[in-house]
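Report on the structure
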Amino acid sequence: MTEKIARKLINAVLQNAYTTDSIGFSTGKAGIALTLFESARFFKDVSIEDHAFDLFQEVLAYDFKDNGFFNGKAGIDFSLQYLIRNQLLNVDDDLFFTQHQEVIDTIRKVPYNEQGMLRYLDDYFYLETSALDSPGIRKTRQSVLVSYMLDIFRKIGRETVPKNAGTFYRLSSGMLSMLNSVEHTGKTDLLFDQISEIHEKMVLADSIIDYPLFPLHYYLYELTGNRNTSPDQGKKMIRECMKNLVYDTFGFRQRIDMVISIYRVYSFDRSMDYRDDAGRIIDTITDQETDRLEKKIVPLIRTNDGLDFSIGSGISRLLLLYIYWDEINRGVFPPHLMELLH
């Protein structure tokens, strides 16, 4: 993808960002603004930065009812911290701290036992990346979250064979992706071990891994976690999945995440070289010509509400892949990029 094409994508984002109904980090204006700040720095373009600032001001002025990460206060707070931490935005410290503390106080009051796995994952990630909460409080809350997540997996594990293999592998892949973007601990190892145990049941029942991101995320945890065992399990899974890889059915986000995960695995283990597969996937979402690019990606990002420009699964995610491509291609994965794309 050329700079000319990337700038056209940025213009498309700018034309649609202000009319996007969603405000949050994953699906709306906060994540889009963050991508525009990154784009402004990459291209050294003040006009893009001005738009990013205006859009983020609109986000901060919104009266949030949702306290979650996906589309609520926690995600906005994460965005603020990210921008400040990476010197993309200067804000009034007192105002920022007050707003941050409100989010933290709200999260502390959440009755975790009434929530689902995805909310637990989001809250764990938020607490892990939250710079202003005390380490003691953060670890206590994370321990509670891990306990609830373990309970969910243990219920699945008590089944002779989990009823829905596809759901298990997608859920586990999302969890491993999050765990691979934060610091590993004994608690996160417990989650990994529980996932591994259930996967073994799947293997014995001849279940097929129909979600190729799972083995990639699994192997990355084996390589980077507090593991004492040889990571042969993950290698074997990757080789089986990549041998039969059919990416025509992948969604837009899954294609981007497959590319990044393939390169990240290769950066740790040169014997696991599937960069040619990554190149073929990239060819399905990029092009040197605008018309051809539109034909490729519009069907993938079309939703009931129009085209998806979000950081979660839309054009903003593709722009981040472009901005950080040189680093990814060299096997360099900045921690802040892994936070953005977790």
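In short, a report on the structure. All values reported here derive from a predicted model rather than from experimental measurement. (Residues numbered from 1 in each chain as written. Predicted model: local features only at pLDDT ≥ 70, side-chain atom pairs only at ≥ 80, totals over all residues. Heavy atoms only, no water.)

1. Points about the overall build of the protein
How we decide: Secondary structure elements follow DSSP: runs of H or I no shorter than four residues count as helices, runs of E no shorter than two count as strands, and numbering proceeds from the N terminus. When accessible area is computed with a 1.4 Å probe and restricted to protein chains, residues below 20% of their type maximum are described as buried, those above 50% as exposed, and intermediate ones as partly exposed. Contacts were defined at the residue level, with two residues in contact if any of their heavy atoms lie within 4.5 Å. Computed with the Shrake-Rupley method and a 1.4 Å probe, the accessible areas treat only the protein chains shown as cover for residues.
Counting its regular elements, the protein contains 17 helices and two strands. Looking at the protein as a whole, 54% of its 342 residues qualify as buried. Counting only contacts in the protein whose residues sit at least 6 apart along the sequence, the fraction spanning at least 24 positions is 67%. A total accessible area of about 15,900 Å² is found for the protein, and carbon and sulfur atoms account for 48% of it.

2. Considering the nonpolar core
Threshold: Joining through side-chain atoms within 4.5 Å is the link that ties buried Ala, Val, Leu, Ile, Met, Phe, Trp, Tyr and Cys residues into a set, and such a set is a nonpolar core.
Within the largest apolar cluster, 108 residues are counted, with the highest numbers of intra-cluster contacts made by Leu36, Met149, Phe153, Met175, Met258 and Leu340. For Leu36, the residues in contact, after removing those within four places along its chain, are Ile10, Val13, Leu14, Ile48, Ala52 and Leu55.

3. Here's the deal with unusual backbone geometry
Although it is not a glycine, Lys44 adopts a positive phi angle of roughly 50 degrees. Residue position: Lys44 is located in the loop between helix 2 (29-43) and helix 3 (46-60). On the accessibility criterion, Lys44 (73% relative accessible area) is exposed. You will see that Gln87, though not glycine, has its phi angle at about 55 degrees, which is positive. As for its placement among the helices and strands, Gln87 is situated in the loop between helix 4 (73-85) and helix 5 (93-109). Owing to a relative accessible area of 71%, Gln87 belongs among the exposed residues under this scheme.

4. Some details on helix 2
Quick reminder of the rule: Under the convention used throughout, the expected extent of a helix is 1.5 Å for every residue step, that is, one less than its residue count.
For helix 2, built from 15 residues, the straight-helix expectation of 21 Å at 1.5 Å per residue is met to within 8% by its first-to-last C-alpha distance of 20 Å. Burial runs high along helix 2: 13 of the 15 residues are buried. Backbone geometry just downstream of helix 2 places Lys44 in the positive-phi region, at approximately 50 degrees.

5. Here we look at the packing of aromatic side chains
Geometrically, a pair of aromatic rings is defined through the distance of the ring centres and the angle of the planes. To keep things clear, this is the line we draw: Classification of ring pairs uses Phe, Tyr and Trp, with its six-membered ring standing for Trp, and accepts pairs whose centres are within 6.5 Å; under 30 degrees between planes counts as stacked, over 60 as edge-to-face, and the remaining range as tilted.
In this structure the tally under the stated criterion is 13 aromatic pairs. Between Phe42 and Tyr322, the ring centres sit 5.8 Å apart and the planes meet at 75 degrees, which makes this aromatic pair edge-to-face. Here the residue Phe42 occupies a position in helix 2, and Tyr322 occupies one in helix 15 (residues 315-323), the gap between them amounting to 280 residues. Its relative accessible area of 36% is what places Phe42 among the partly exposed residues. Residue class for Tyr322 comes out buried when judged on its relative accessible area of 18%.

6. Comments concerning the layout of surface pockets
Note the following rule: Using only the protein atoms, space was sampled on a 1 Å grid; points where a 1.4 Å probe fits but cannot get out form cavities, open sets with protein on both sides within 12 Å along at least five of seven lines form pockets, and lining residues are those with an atom within 4 Å of a point. Grid points are joined across faces, edges and corners, and a volume is the space filled by probe spheres set on the points.
Its volume calculated, the largest pocket comes out at about 1,100 Å³. If you trace the largest pocket, you find 41 residues lining it, with Ser26, Phe70, Arg253, Gly312 and Ser313 closest to the centre. Every element with two or more residues in the lining of the largest pocket is listed here: helix 6 (117-129), helix 8 (165-179), helix 10 (213-224), helix 12 (252-268) and strand 2 (306-307). Here the lining of the largest pocket takes seven residues from helix 8, the largest share from any one element.

7. Digging into empty space enclosed by the protein
Across all of its chains, the model carries one cavity of 30 Å³ or more by this definition. Considering only enclosed or pocket space, the largest cavity measures out at about 150 Å³ in volume. In terms of lining residues, the largest cavity is bounded by Ser177, Asn180, Ser181, His217, Leu220, Asp257, Ile260, Ser261, Arg264, Met338, Leu341 and His342. Among the secondary structure elements, those contributing two or more residues to the lining of the largest cavity are helix 10 and helix 12.

8. Some words on the packing of helix 3 against helix 4
As a reminder, the rule being used: Note on geometry: axes are lines fitted to C-alpha atoms, helical ones only across the stretch in contact, with angles between N-to-C directions running from 0 to 180 degrees. Whether a crossing is left-handed or right-handed is set by the direction in which the near helix is turned from the far one by less than a right angle, anticlockwise for left-handed and clockwise for right-handed. Three categories are distinguished: nonpolar for Ala, Val, Leu, Ile, Met, Phe, Trp, Tyr, Cys and Pro, charged for Asp, Glu, Lys and Arg, and polar for the others, with Gly belonging to the last.
At a closest axis distance of 11 Å, the pairing of helix 3 and helix 4 adopts a crossing angle of 145 degrees. Handedness of the helix 3/helix 4 crossing: left-handed. Here Phe56, Val59 and Leu60 of helix 3 lie close against helix 4, whose contacting residues are Ile76, Ser79, Leu80 and Leu83. Looking at the contact of helix 3 with helix 4 residue by residue, the class counts come to six nonpolar, one polar and no charged.

9. Some remarks on a positive patch on the surface
Where we set the bar: Patches here are clusters of residues that have more than 30% relative accessible area and form no salt bridge, with a 9 Å joining cutoff for like charges and a 5 Å cutoff for nonpolar side chains (Val, Leu, Ile, Met, Phe, Trp, Tyr). Should a side-chain nitrogen of Lys or Arg be within 4 Å of a carboxyl oxygen of Asp or Glu, the pair is scored as a salt bridge. Positive charges come from Lys and Arg, negative ones from Asp and Glu, while His and the chain ends are left out of the count. By convention, charge coordinates are those of NZ in Lys, CZ in Arg, CG in Asp, or CD in Glu.
Together, Arg154, Lys155, Arg158 and Lys187 line one region of the surface with positive charge. Of note, Lys155 is situated in helix 7 (residues 135-157). Residue Lys155 is classed as exposed on the basis of its relative accessible area of 54%.

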